[in-house]
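The chain contents come next:
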Amino acid sequence: MSSAGDAIRAALPSSDGEPRVCPYLMAGFPEPGATADLLLAAEAGGGAVIEVGIPHSDPLADGPTIQAAGRLALSRGMTSRLALNQVAQARSRGLRVPVVVMTYLNPVAQFGLEEFCQAAVAAGVDGVLVPDLPLEEMDGLGRATSRAGLALCTMVAPTTPEARLALAATRASGFVYCVSRTGVTGAGEPTEGAGLLERVRALSDRPLVLGFGVRLRSQVVSLAGLADGVAVGSRIVEAAGGDAPAAAVRDVVAELCGR
Amino acid sequence: MNGPGRLIVTAPPPRGRYGEFGGSFVPETVVPALQELETAAVEALSDPLFLAEFYGLEAGYAGRPTPLHHARRLSERAGRPVWLKREDLLHTGAHKLNNALGQLLLAKRMGKHRIVAETGAGQHGLATATACALLGMECVVYMGREDMRRQAVNVAKMELLGARVEPVGDPAATLKDATSEAIRYWVTNVRDTHYVIGSVVGPHPYPWLVRTLQSVIGSEARAQMLELAGRLPEVVVASVGGGSNAIGIFAAFLPDTEVQLLGVEAGGRGPQPGAHGASLGLGTPGVLHGSRSYILQDPDGQVLPTHSISAGLDYPGVGPEHANLMATRRASYTALDDRQALEAFHLTTRLEGIIPALESSHAVAAALRLPAAGGPILVCLSGRGDKDLETVLGWESA
């Protein structure tokens with residue numbers, strides 16, 4: 001029997017080679033109906049797991065690029081339900097790679113934890129990551145995800161002490177997202193990534209995805225043997241905000257993958 | 001009374017919970033820092049040397065105790081005795097300095113050399129910048145562009161004091177956006193920076209810590225009522241944005257179950273979405289800025305814009321302890337609108353010779369609407385209104 005997280009683990013196999021690229025898309029950016037196209041474009045470029053952000057009015061972990069994209073998406077009427085619909089649409093058009101929804105606690109709580117997880121699975125979502133839900137408060141979402149068959153991803157930071165790293169690894173049925181430096185998404189070198197990855201690796205057999213501040217192919221290559229996946233957010237969102245978003249997203253992902 | 005009132009030091013609530021409210025919902029990067037802060041605060045608040053330094057600054061620098069004033073002409077108007085707790089006379093003109101001094105002493109003790117704060121009306125930013133100047137610490141204050149326009153004098157004061165004031169967001173940005181940005185700055189610089197939140201909001205341990213530091217207001221006011229009025233008040237009234245002056249004065253009266261506690265939110269222009277700041281009266285439970293409380297949000301969990309004539313009440317959330325005091329019916333909450341606050345602003349000025357902050361004017365307005373017969377009303381006059389003159393004059397010429 002398959003369990004939550006199988007697809008994610010299969011898409012991010014551990015190896016000494018370079019990590020797989022995990023592009024991030026802001027749902028509803030640049031248009032409410034654009035995300036299904038962009039999901040397929042990100043897969044075509046070589047994305048191994050795609051993160052889909054559901055916009056929130058107060059995204060505490062995000063920098064200016066993703067904040068602005070979320071604000072625009074909300075102003076154009078994006079909602080949690082419409083975001084899930086976009087994933088479902090991409091699935092019906094043949095999207096195969098795992099999708100992890102990344103959003104904040106309040107939109108999920110207002111949707112209802114159980115209802116959200118059920119709706120996400122029905123839409124073809126594989127996992128969920130909630131950056132402002134600390135490990136100590138994860139019981140409710142943990143139960144809801146496991147009942148729905150959704151993988152729970154957890155987050156660790158360079159400031160996380162060893163005991164909490166172990167807790168994060170235990171909690172995760174999907175990947176462990178390693179934050180590359182103190183800070184928010186976007187600009188800023190991922191200076192503390194390697195050290196953190198080594199510390200988590202010693203404690204966990206979960207796939208490790210490094211994120212925050214990664215925007216170049218050379219950074220992806222430099223993480224070979226350390227990370228299983230590399231999340232790239234702001235750079236992809238910038239591409240989605242330009243002309244011909246689908247082609248731009250596909251090309252940026254392909255470049256990051258070295259294709 | 002001699003010397004400042006004592007802090008009401010309680011154990012931090014387990015997991016930061018006030019009933020079903022509170023908690024700590026923040027990105028992992030700052031979770032260890034919050035745990036460290038709780039431990040450090042518990043230690044400091046049981047250390048006689050720390051407390052002596054705090055009380056020393058409160059007395060010799062900030063000007064505590066602040067007076068309790070029997071407002072005779074307002075009493076005539078109310079039909080019952082009205083007493084004003086004069087936090088407007090505290091150095092920098094509002095109760096905010098109690099919290100800023102306490103948190104800065106704590107930050108120094110923790111070895112943090114840089115301070116970040118958010119501000120709405122500018123009073124918390126000003127108090128923090130002032131305390132940073134006094135204690136020789138680096139200070140960054142985030143402020144919404146709309147608030148910088150409304151409170152230009154406070155911006156100038158903060159800069160004179162050596163703080164860096166960072167404008168936030170689009171031209172309509174206010175306290176909510178400034179708070180989000182201050183938290184992001186803290187997430188980025190958490191190793192050497194302490195975040196001085198300005199109200200009883202945010203992730204645990206802040207609601208507890210700020211309440212403890214502001215409880216000096218209530219313990220003073222309670223003792224002064226007994227000394228000067230010869231009895232406890234029948235009602236205690238305070239304005240509620242995030243709710244720090246209200247929690248500060250309520251804290252001392254919580255065990256006195258015969259004393260009614262009344263919080264006053266911003267009714268703004270009316271009850272329609274976006275036109276007020278009445279999180280308790282018109283909001284629903286949700287998570288904003290790291291804690292679960294009543295917030296103003298749409299059905300999708302997106303936080304709504306707010307409005308109040310008073311920048312300090314222009315906030316879509318409220319402290320989790322207030323949410324619990326409402327749920328348990330220990331306190332009640334009402335909202336008064338811009339016009340009613342303005343009317344109370346003028347009455348207090350003309351009848352008592354005290355120009356109150358627009359925040360505090362909401363509390364006076366509520367006091368004047370209580371039934372005319374009854375025991376004494378204690379109002380927390382949380383700040384002075386110099387900062388609001390331009391707003392008041394502009395509103396009236398519009």
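Here is what the cut-offs are and how they apply
- Residues numbered from 1 in each chain as written.
- Chains lettered and ligands numbered in written order.
- Predicted model: local features only at pLDDT ≥ 70, side-chain atom pairs only at ≥ 80, totals over all residues.
- Helix = DSSP H or I, 4+ residues; strand = E, 2+ residues; numbered from the N terminus.
- Rg over C-alpha atoms; globule rule 2.2 N^0.38 Å.
- Buried ≥ 20, exposed ≤ 12 C-beta atoms within 10 Å, placed from the backbone.
- Contact = placed C-beta atoms within 7 Å.
- Pairing = 2+ DSSP bridges.
- Axes fitted to C-alpha atoms, helices over the stretch in contact; angles between N-to-C directions.

**A look at the overall build of chain A**
Here is step 1 of the chain: Counting secondary structure elements, chain A contains 12 helices and 9 strands.
Here is step 2 of the chain: A compact globule built from 259 residues should have a C-alpha radius of gyration of about 18 Å, and chain A, at 16 Å, falls within 12% of that.
Here is step 3 of the chain: Along the first, second and third principal axes, the C-alpha atoms of chain A reach 45 × 40 × 35 Å.
Here is step 4 of the chain: For chain A, the proportion of its 259 residues judged to be buried stands at 59%.
Here is step 5 of the chain: For chain A, the share of sequence-separated contacts (at least 6 apart) that also reach a separation of at least 24 residues comes to 74%.

**Digging into the environment of L38(A)**
Residues and elements named next belong to chain A.
Here is step 1 of the chain: As for its position among the elements, L38 is in helix α2 (residues 35-45).
Here is step 2 of the chain: Overall, L38 belongs to the buried group, with 29 C-beta atoms counted inside 10 Å.
Here is step 3 of the chain: Separated by 135 residues in sequence, L38 and S173 place their C-alpha atoms 26 Å apart.
Here is step 4 of the chain: With residues near it in sequence (within four places) discarded, L38 still touches L25, A240, P245, A246 and V249.

**What to know about the sheet that holds strand β2 (residues 50-53) of chain A**
The strands making up a sheet associate through backbone hydrogen bonding, with each pair oriented either parallel or antiparallel.
Residue and element names in this part refer to chain A.
Here is step 1 of the chain: Taken in spatial order, the 9 strands make up an open sheet running β5-β4-β3-β2-β1-β9-β8-β7-β6, and their pairing is parallel. Two strands bound the open sheet, and with one partner strand each, they are β5 (151-152) and β6 (154-156).
Here is step 2 of the chain: By the bridge criterion, 3 bridges tie strand β1 (residues 20-26) to β2 in an arrangement that is parallel. Looking across to β2, one finds that Y24 is bridged to E51.

**Focus: the sheet that holds strand β13 (residues 331-337) of chain B**
All names here are of chain B.
Here is step 1 of the chain: Read across the open sheet, the 6 strands follow the order β3-β4-β14-β9-β10-β13; overall the sheet is mixed. Here the strands that pair on one side only, and so sit at the sheet edges, are β3 (68-70) and β13. Averaged over all pairs of adjacent strands, the angle between strand axes in this sheet comes to 25°, irrespective of strand direction.
Here is step 2 of the chain: In the sheet, β3 pairs with strand β4 (residues 82-86) via 3 bridges, with the strands oriented antiparallel. Each bridged residue has a counterpart across the sheet, and for H69 the counterpart in β4 is L84.
Here is step 3 of the chain: In this fold helix α9 (residues 206-229) packs onto β3, β4 and β14 (377-381), with an angle of close to 40° to the strand it touches most, β3.
Here is step 4 of the chain: Set on the sheet, helix α14 (residues 358-368) makes contact with β4, β9 (235-239), β10 (260-268), β13 and β14; between it and β9 the angle comes to about 145°.

**Brief notes about unusual backbone geometry**
Here is step 1 of the chain: Following F29(A), the chain continues to P30(A) via a peptide bond in cis, the omega torsion being 5°.
Here is step 2 of the chain: Looking at the element boundaries, P30(A) is found in the loop between β1 and α2.
Here is step 3 of the chain: The amide bond that connects H204(B) to the next residue, P205(B), takes the cis arrangement and shows omega of 10°.
Here is step 4 of the chain: The topology assignment puts P205(B) in the loop between β8 (193-196) and α9.
Here is step 5 of the chain: In this model, F212(A) sits at a positive phi of 85°, which is unusual for a non-glycine residue.
Here is step 6 of the chain: By secondary structure assignment, the location of F212(A) is in the loop between β8 (208-211) and α10 (217-222).
Here is step 7 of the chain: Of note in this structure, H289(B) is not a glycine but carries a positive phi near 50°.

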